[in-house]
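Geometric and topological summary
Each chain, letter by letter, is given below.
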Amino acid sequence: MPGMNEHNSVQQPLVEELVRLGWTYVPGKELDREHEQVFVESEVAAALARLNPDVADEPSRASEIVKQLRNLTFSVDDDGLVETNKDATGWLRGLHAHKFVGTDSFRPVRLIDFEDLSNNRFMVSDEVGYGAPGAKARFDIVLFVNGLPLVVGETKTAFRQKVSWLTAANEVVEHYEAKYAPFFTTNVFSFATEGRELMYGATGAPVEHWMTAGPAKEHPLLADVLEPARWLLAPASVLKLLSSYTLFETPDDNSGVASLRKLIARYMQFDAVELMIARAHAGQSRRGLIYHTQGSGKTLAMVFAAGQLLQDPALANPTIVFVADRIELVRNAWDQFRTTNMPRLLAPSTARQLHEMLGHQDRRGLVFTTVHKFAGAAADLNTRSNVVVLVDEAHRTQEGNLGLTMRAALPNALFFAFTGTPIAELDRNTFATFGDDEDPKRTLHAYTSDQSIADGMTVPIHVDPRLVTFQLDKAAVDEAFEELKVAENLDDDQAEVLARRGSRVDVIFANPSRIDAVCTDIVDHFYSTVDPLGEKAQIVVYDRAACVAYKARLAELLSLRHAAGKPLDEAAVVMSVTGGKDEDEAWSVHRRTESEEAELLRRFRTHGDPLKFLVVTARLGTGFNAPIEGALYLDKPMKDHTLFQTITRTNRTWRNPSTGQEKRYGLIVDYVGLGSGFARAMAPANGDQDPRSIEVDGLIDQFEAELVATMRWFAGIDHTLIGSTTLLEAQQRIAKDADREAFVTSFLMLEGIWEACAPHLRLAPHQSAYRFLAKIYASIAPIGPRADLVWQRLGTKTLDIVFEHMTDVKVTHTDAVVVADADTIHRLEEEGLLPGIEDVEHKTAAEVLDTIYARLKKRLQGPNGNHPIYRSLAERLEDLRARTIADAQQSIDWLRDAFSVARDLRAAEKAEDEAGVDGLDLLPDPNVFALTQILRECAPPDTPVLIERVVAEVDAIVKEVTAGNSGWASTQKGDRAVRREVRNTLRTYGLHTVPGLFERAYAYIAEHY
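Residues numbered from 1 in each chain as written. Predicted model: local features only at pLDDT ≥ 70, side-chain atom pairs only at ≥ 80, totals over all residues. Heavy atoms only, no water.

1. Observations concerning the overall build of the protein
- From N to C terminus, the protein includes 37 helices and 26 strands.
- Surface accessibility of the protein: about 46,300 Å² in total, with carbon and sulfur atoms responsible for 52%. (Helix = DSSP H or I, 4+ residues; strand = E, 2+ residues; numbered from the N terminus. Areas by Shrake-Rupley, 256 points an atom, 1.4 Å probe, with all protein chains shown as cover.)

The following block contains the structure:
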């Protein structure tokens, strides 16, 4: 485009927008500074005089501070950029004191006024030179506040091929920060744009950690850069990011060496925390739900929130209570907070310590605890209104009795709940428990999986289904089992125990032949697909016994690989081993201390370490962050939020440090056949779904009256302390048949109400009496066979019978399918895999038809079943069912197969080319790709014109998207762009719902374009 260049197409419009935001434009060449100077020192001195009385009294004193700032820039080479930037951040925030010449005390030095922004001078400059003659940099855009360069921006133009925001960001990180580090001493963040996307990163952050400044757009334009710039680059935002949304942490990296790094808030974290602070100030609503998907940085958002709340003068020295439901989550959060130098961290080790800390000690600061430590806490333990509770993974235990006890103990507290997996069911509803009814969908702030994937914060999830089949000789099993019954002289009840346990699902998963087949498939798949990328894998199995069995078989298979000349890789089990009576003694080898487990997980996260597999059943489902995990082998039935938490272990972004290749997606290899369960798990929960409505007060009135009447049988017995004779004495009170039957009737009524209403604060005082009655009921209930003893004695023989007759175990493969992409839920709804969000039961279209058919069938079997209306309905329904299967089926099948044929032909052409054979003669037009050529040469004469249009458009669009970008498939953004365009094409022609069509088309494109 003549006349259009980087400056006037991107840089100039952005500078003009910054001026509208409140920055004063000063061309770089007109700045009052030499090129060797980092600061505009005259502006720094003027600000010091405005903001510090000592300097106002004697302006020459400004040179004392300017000299110290100048010395900071000299220390970058020795101390490192991030370390120096941390020191400079302390100066910028006013955390350093100085004793000026001629004064008698140290006083805080203010370089910036964060309260009254009008006291600051905001300048935007372009083409800012820095450096010595012959080795000078020129920064496209620099934002100065009081003469201090806080933001550096690099712009490119989208008109040039192979140029993107990434090109600009690499220039900042690899060239400017590396060679001109002193200029970034006071840097808050840098940004990069090519006029389509606006990305920013903290000082010293590698490019893969840069973040989008706003929600990703389908077809971004310059307007989509200016819009997020109005937030990111506004004067108030820059200062807010500096004062409240910047942290420095020193986590141990995988080599065990601590290194300082700077963290800055992502846009969704910023938005969520700002809403939390506003709610804390409003003083009306006392709760809010933050729904941020797994892997998007919930814990860091909680760190930013805690930091602001602790220092908020409006909250007057508050207490912040961080609550999780598992020790591991508390430990992970503690580590995150600790490494960011968060002040006043308290971690009570017992419930009593927690109660004392919040009670009579009335401690301030940040308290870490599990919800379980609130057990037994007194109501009104702390009634202050400046107690803020931050709940992590807000569901499960926080919605039960423990959650009620916690809220009763802190009745005036602010409750903010964070979750990536909210539950919206009739009996459990995270939105109802933690959300505010006045918030849209009872959610204070939401950031979904689709948004996170579109923004590049997480990667999509693909599922590779496996089918594990076997043959079971049922007649032979029955015969062998009958022989066992006779030989062991079992009665019918005992035989029923063995039959019931022998047919449970865990028996199927424990079959050694099945374990061998699955482990063999895992090893084959891992080393052909996952290991070449440098990634690692987690294996989720049915139970702890399966963990041990899978680990043993994996070790054997890895040893066989080693014997064949391959490196010796390792697998490890991560599970809880307590030494309980239900545990095999052999499990003790998998028991680890906290530090030993931390070391094991560090090895797993480390690229190049031979620990390649972690085998788990219930551990590492939440709170475990291992970006290197590229695959999860799932051999355990799961559903809904538990399934979502598990499969999102693979959704973290990662770049191979050796090859630079990015993780494009997380892979789930499914041996269970969860099918549509993945779609239901990925569906966003509906905050508008109301929980089950029960007339609780009336039922509890009835419960209390019935409890008083029932307890009269046991008057005088201390039900709070059950001794050796308590149950015996209680049984004697209901020794008569009539009394015992009356007691059973009363207790069953109490049990029904308890199960319907619990947890509820009105039931809490009756818990001891109810449990006492439950023990009495259990002590007089009919006694059946001692199931555990029967199974202990004959369980092994029973399993041997089952396993012996489970033969021909096979693992078969199908094509991989995408379950989470940037428009996941909308696509699933369009394809009929999910209903509208308002349908909480998640019925598929087929299930709806089945429901209608069942209702109609009932009518047809009734007295009016021969009515013409019903017969007509039946015919129409059957026609509808047939049409959903048959319409355009022949053409669709042909197109689906065409992709496979095209792939094979293209591979043959490539082979001939490499052998020196002139394969171009096969294609009369070199601009026509193989897929179109095949269609034109091989399609049957009655092929619809629509199909040819689809193929031609796929060719044209993909050529355009991939033009000049041969490495598109190795990057997240290139991969997403191609997927998006192909999917949009299929959607245009109504073919997006055809199973497998998109996957085959994409596989063909990925290999040959």
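2. Regarding the nonpolar core
- In terms of nonpolar packing, the biggest core is built from 112 residues, with Leu150, Phe183, Phe189 and Leu233 touching the most fellow members.
- Of all the elements, helix α11 (residues 298–311) adds the most residues to this core, at nine residues.
- Ranked by size, the runner-up nonpolar core spans 34 residues in total, among them Val530, Met575, Phe613 and Val809. (Core = buried A, V, L, I, M, F, W, Y, C linked by side-chain atoms within 4.5 Å. Buried < 20%, exposed > 50% of the residue type's maximum accessible area, 1.4 Å probe, protein only.)

3. So, the packing of helix α4 (residues 62–74) against helix α6 (residues 81–92)
- Running from N to C, α4 and α6 cross one another at 160 degrees; their axes reach a closest spacing of 10 Å. The pairing of α4 with α6 is recorded here as roughly antiparallel in orientation. Relative to α6, the crossing made by α4 is left-handed. Each of Ile65, Gln68, Leu69 and Leu72 in α4 lies in contact with α6, whose residues at this interface are Thr84, Asp87, Ala88 and Trp91.
- Partitioning the contact of α4 with α6 into residue classes produces five nonpolar, two polar and one charged. (Axes fitted to C-alpha atoms, helices over the stretch in contact; angles between N-to-C directions. Parallel < 35°, antiparallel > 145°, perpendicular 65-115°, else oblique. Left-handed = near helix turned anticlockwise from the far one by under 90°. Contact = heavy atoms within 4.5 Å. Nonpolar A, V, L, I, M, F, W, Y, C, P; charged D, E, K, R; others polar.)

4. Some thoughts on the packing of aromatic side chains
- Applying the stated criterion across every chain, the model contains 23 aromatic pairs.
- With 5.9 Å between their ring centres and 70 degrees between their planes, phenylalanine 189 and tyrosine 200 make a pair best called edge-to-face. Here tyrosine 200 lies in strand β8 (residues 198–202) and phenylalanine 189 lies in strand β7 (residues 189–193), a separation of 11 residues in the sequence. As far as the burial class goes, phenylalanine 189 and tyrosine 200 line up, both buried.
- Where phenylalanine 714 meets phenylalanine 772, the ring centres are 5.7 Å apart and the plane angle is 90 degrees; that geometry is what we call edge-to-face. (Phe/Tyr/Trp six-rings, centres within 6.5 Å; stacked < 30°, edge-to-face > 60°.)

5. As for the sheet that holds strand β17 (residues 414–419)
- Strands sit in the order β14-β15-β13-β16-β17-β12-β18 across an open sheet of seven strands; the sheet is parallel. Here the strands that pair on one side only, and so sit at the sheet edges, are β14 (345–346) and β18 (445–447).
- Examined bridge by bridge, β14 and strand β15 (residues 365–370) share two bridges and lie parallel to one another. Each bridged residue has a counterpart across the sheet, and for leucine 345 the counterpart in β15 is leucine 366.
- Its contacts with the sheet place helix α10 (residues 267–282) against β12 (287–292), β16 (387–392), β17 and β18, and it is angled at close to 175 degrees to β12.
- Helix α13 (residues 351–358) contacts β13 (319–324), β14 and β15 of the sheet and is inclined by roughly 150 degrees relative to β15. (Pairing = 2+ DSSP bridges.)

6. Brief notes about the sheet that holds strand β1 (residues 24–25)
- Read across the open sheet, the seven strands follow the order β1-β4-β5-β6-β7-β8-β9; overall the sheet is mixed. The sheet is open, and its two borders are formed by β1 and β9 (211–212), each paired with just one other strand.
- The pairing of β7 with β8 spans five bridges and is classified as antiparallel. Residue pairing in the sheet places serine 190 in a bridge with glycine 201 of β8.
- Strand contacts of helix α9 (residues 235–244): β4 (122–132), β5 (135–145), β6 (148–155) and β7, with the helix running at about 115 degrees to β6, the strand carrying the most contacts.

7. Section: the pattern of salt bridges
- Evaluation of the coordinates by the stated rule reveals 23 salt bridges.
- We note a salt bridge from arginine 603 to glutamate 570, for which the minimum N-O separation is 3.1 Å. Here arginine 603, found in helix α22 (residues 594–605), pairs with glutamate 570, found in strand β21 (residues 570–573); they are 33 residues apart in sequence, far enough to count as distant.
- Glutamate 570 sits in the partly exposed class, given a relative accessible area of 32%.
- For arginine 603, the salt bridge is made with aspartate 609, and the minimal N-O distance between the two is 2.9 Å. (Salt bridge = Lys/Arg side-chain N within 4 Å of Asp/Glu carboxyl O.)

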